[in-house]
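Single-letter residue listing:
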Amino acid sequence: MATVSLLDIIKEFKRGVILALTLVVIEDVAWIIEPTLFGNLIDATIDKAAGTASSSYLPPLFLWIGAFLINSGVGAVRRSIDQRIYLRMFTEIATNVSRLAVQNRLSVSKTAARAQLSRELVSFLQYRVPEIGEQTIAIGGALVGLAFFDLRIAAACLVVIFPLLLVNLFYNKRVASLQVTLHDSYEETFEVFSTKDPEKVREYFTALAKPQQKIADWGALSFGLIRIVLLGIFLVVLYISIDLNDFSTGNIYSIVAYLWTFVSSSEYLPELLESWTSLKDIAKRLKTEQV
């Protein structure tokens, strides 16, 4: 690789990345249909217990078990394969960072810091990219699942996405400059420790904590705003589900499960945006022309 960027890494290790992401999709598609299958199982079990002659809980039971086993089995395999793919990837990237540092005569401190920062590129691919895929499947799947029960519920959830996006864009803008400051400080770590002065180490980490605390404060504010928006969607969906429809017990379970999936995935957006903002700054630092 001539440079160290996310796109270069994906191109260099495309087979491994495609395999890892394919497993993510299979695992999460199986997971997102589980609420519907389990809701059907609940209704079939209730009908059987009530003595309905034509009812049988075995087909929905086998379907739910099949989805559960696919989700669990693929998830277990993926967690093993991921390590093989991404550990090899980091080794290659760290070697490339070292090579570029020698060519550009960087200090040992910057070289070590950038090698460590490059780990975040790999971590982003290993954890954040699958998480983005998972949350996308979760939000999209939840909307589709809710639409099958009542289009008004899905529409209410869809509308709330827009204020959520505004909150997250506001958060991302505030955090971007703090990430730059944080990474600037990381590149000085080795030099601070090389002084062998405990007071300078204390001053360094005290200063390092300031942008980290500000990022945490913005994250807390973003989380609070998102929770307020999601409270509204909860109330709307409960009203539609209970007052305007005559859903079965299994339907209610499925709706609540999909709604909770939508809410929990939406809450995760600020953390993903923070990782993406951090990644962009790291990628800039690792490009040949800026090393």
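You'll find the structure just up there.
Residues numbered from 1 in each chain as written. Predicted model: local features only at pLDDT ≥ 70, side-chain atom pairs only at ≥ 80, totals over all residues. Heavy atoms only, no water.

Q: Please set out the overall build of the protein chain residue by residue, giving values where relevant.
A: Within the protein chain, the regular secondary structure consists of 10 helices and zero strands. Each helix and strand of the protein chain, ordered N terminal to C terminal, gives the series α-α-α-α-α-α-α-α-α-α. With 291 residues in all, the protein chain has 42% of them scored as buried. Summarising the internal contacts of the protein chain: among those between residues at least 6 apart in sequence, 83% fall at separations of at least 24. Total accessible area on the protein chain stands at roughly 15,900 Å², and carbon and sulfur atoms take up 65% of it. (Helix = DSSP H or I, 4+ residues; strand = E, 2+ residues; numbered from the N terminus. Buried < 20%, exposed > 50% of the residue type's maximum accessible area, 1.4 Å probe, protein only. Contact = heavy atoms within 4.5 Å. Areas by Shrake-Rupley, 256 points an atom, 1.4 Å probe, with all protein chains shown as cover.)

Q: Give me helix α3 (residues 34-49): which residues, what numbers.
A: A rise of 1.5 Å per residue sets the reference length of α3, with its 16 residues, at 22 Å; its end C-alpha atoms lie 22 Å apart and thus fit the reference within 8%. Inspection of α3 places E34, P35, L37, G39, L41, D43 and A44 among the buried residues, and these make up the whole buried set. Elements that come into contact with the buried residues of α3 comprise α2 (14-32), α4 (58-103) and α9 (249-267). Positive backbone phi, at 90°, marks G51, one or two positions downstream of α3. (Expected span 1.5 Å × (residues − 1).)

Q: Describe the nonpolar core, naming the residues involved and giving the relevant values.
A: Core analysis: the largest hydrophobic core is formed by 24 residues, its most contacted members being L146, C157, L230, I233, V237, I255 and F262. Taken together, the elements giving at least two residues each to this core come down to α5 (108-149), α6 (151-186), α8 (198-243) and α9. With seven residues, α6 is the single largest residue contributor to this core. Not counting chain neighbours up to four residues away, the residues in contact with L230 comprise L164, F262, V263, S266 and E267. Formed by 16 residues, the second largest nonpolar core is a distinct cluster that contains F13, M89, I93 and I282. (Core = buried A, V, L, I, M, F, W, Y, C linked by side-chain atoms within 4.5 Å.)

Q: Now, about the side chain of N71: what can you tell me, with residues and values included?
A: Within the secondary structure, N71 sits in helix α4. At 2.8 Å, the side chain of N71 forms a polar contact with the backbone oxygen of E27. If sequence neighbours within four positions are ignored, N71 has contacts with E27, A30, W31 and E34. (Polar contact = N/O pair within 3.5 Å; in protein donor to acceptor, adjacent residues only side chain to side chain.)

Q: Let's hear about the pattern of salt bridges: which residues, and what values?
A: Summed over all chains, the structure comprises six salt bridges. With a shortest N-O distance of 2.7 Å, E27 and R78 are connected by a salt bridge. Of this pair, E27 sits in helix α2 while R78 is found in helix α4, placing the two residues 51 residues apart along the sequence. Here R78 falls in the buried class, since its relative accessible area comes to 6%. The residue E134 makes a salt bridge to R78 at a minimum N-O spacing of 3.6 Å. Of this pair, E134 sits in helix α5 while R78 is found in helix α4, placing the two residues 56 residues apart along the sequence. Comparing E134 with R78 shows no difference in burial state: the two are buried. A single salt-bridge network, built from bridges that share partners, covers E27, R78, R79, D82 and E134. (Salt bridge = Lys/Arg side-chain N within 4 Å of Asp/Glu carboxyl O.)

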